[in-house]
Amino acid sequence: MIEESELPINADGSVFHLHLRPEQIADKIILVGDQDRVTMVAKYFDAIECEVQSREFHTITGTYKGKRISCVSTGIGCDNIDIVMTELDALVNIDLNKREVKQEHKTLELVRLGTCGGLQPFTPIGSFIASVKSIGFDGLLNYYAGRDEVCDLALEKAFMKDMLWSEKKPAPYVAVADKDLIERIAGDDMVKGLTCACGGFYGPQGREVRLAIQDPDQNEKIEAFEYDGLRICNFEMESSALAGLASLLGHKAMTCCIVVANRYNKEMNTEYKSSITDLIELVLERI
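First, a word on scope: everything that follows refers to the structure included in this document. Just so it is clear, the model here is predicted, and its values are computed rather than measured.

On to the pattern of salt bridges. Under the counting rule described, the total for this entry stands at 13 salt bridges. The residue arginine 147 makes a salt bridge to aspartate 148 at a minimum N-O spacing of 2.9 Å. Through salt bridges with shared partners, a single network forms among Lys28, Glu109 and Arg184.

This is how it looks when you write it as structure tokens:
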């Protein structure tokens, strides 16, 4: 039995943060960071079953061309992914009344649709990038037993060696996206590569505003790193936690992002919201 303090349940039978009940979530889930982007996705739905808003967590469940889909906003960062993944899994794999794990496991399909910063000349603004493997700078997965079984340990060691990784930083982990989802969603339209999932937008991604960063050569080393034919294509802030927790919990997950800044060319597009619709339409067709 899972104690109340370990998995809080609201009085209406919904999970604590998302405020969703089991019947309100679909098996196919699109995750977005921005809660307003949920509405952008849901405008393509043929019908809407329910809409729930709680803090930064906005959910709309409906149907698109006969497919039942939920779109859920996570907010920014791997810490929020820890909340969202745990509670989504609880909705389908825990009997919330008995507080017991169900005997039959249900597998969710989760596609994160977001924005990112490109790190290569071949990832200009407007590119779509699918994260085959994500290097987590946040350290979140290191708190969970079994992380070694779902991570690429050889890539972790190679990355730390090339980066001369400081022991003062959290140990990076390399989470692997679901292969079948990558092939189906990414197709031939997206750049497939490695992603660095950072624990912040400024310093962890090598930005200096008023504070100097610990390793001034960080981004140059990241851009030059190559492993098994894959280059690090982009920075974002959620893909590692999503892929890692999904693997541990028995779900299928991947991240695809549109490049809104190219750090290599020092370019930024702050008016990207209209251009993300192409990625939304592609994911809805393929999920």
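Any space left empty among the atoms is revealed by the rolling of a water-sized probe across them. Here the second largest pocket defines a volume of roughly 370 Å³. For the lining of the second largest pocket, the element with the highest residue contribution is helix H2 (residues 78-93), accounting for six residues. A per-class count over the lining of the second largest pocket returns 11 nonpolar, three polar and four charged.

For the rest of this paragraph, the subject is the side chain of arginine 207. Examined against the element boundaries, arginine 207 turns out to sit in the loop between strand S10 (191-197) and helix H6 (218-224). The side chain of arginine 207 is buried and forms no salt bridge, while glutamate 223, the nearest opposite charge, is found at 11 Å. Here the side chain of arginine 207 touches phenylalanine 201 through a polar contact of 2.7 Å, landing on its backbone oxygen. Filtering out sequence-adjacent residues up to four positions away, arginine 207 remains in contact with Phe201, Tyr202, Ile213 and Arg263.

Scoring rules and cut-offs
Residues numbered from 1 in each chain as written. Predicted model: local features only at pLDDT ≥ 70, side-chain atom pairs only at ≥ 80, totals over all residues. Heavy atoms only, no water. Salt bridge = Lys/Arg side-chain N within 4 Å of Asp/Glu carboxyl O. 1 Å grid on protein atoms, 1.4 Å probe; cavity = no way out; pocket = protein on both sides within 12 Å on 5 of 7 lines; lining within 4 Å. Points joined across faces, edges and corners; volume = space filled by probe spheres on them. Helix = DSSP H or I, 4+ residues; strand = E, 2+ residues; numbered from the N terminus. Nonpolar A, V, L, I, M, F, W, Y, C, P; charged D, E, K, R; others polar. Buried < 20%, exposed > 50% of the residue type's maximum accessible area, 1.4 Å probe, protein only. Lys, Arg positive; Asp, Glu negative; His and termini not counted. Polar contact = N/O pair within 3.5 Å; in protein donor to acceptor, adjacent residues only side chain to side chain. Contact = heavy atoms within 4.5 Å.

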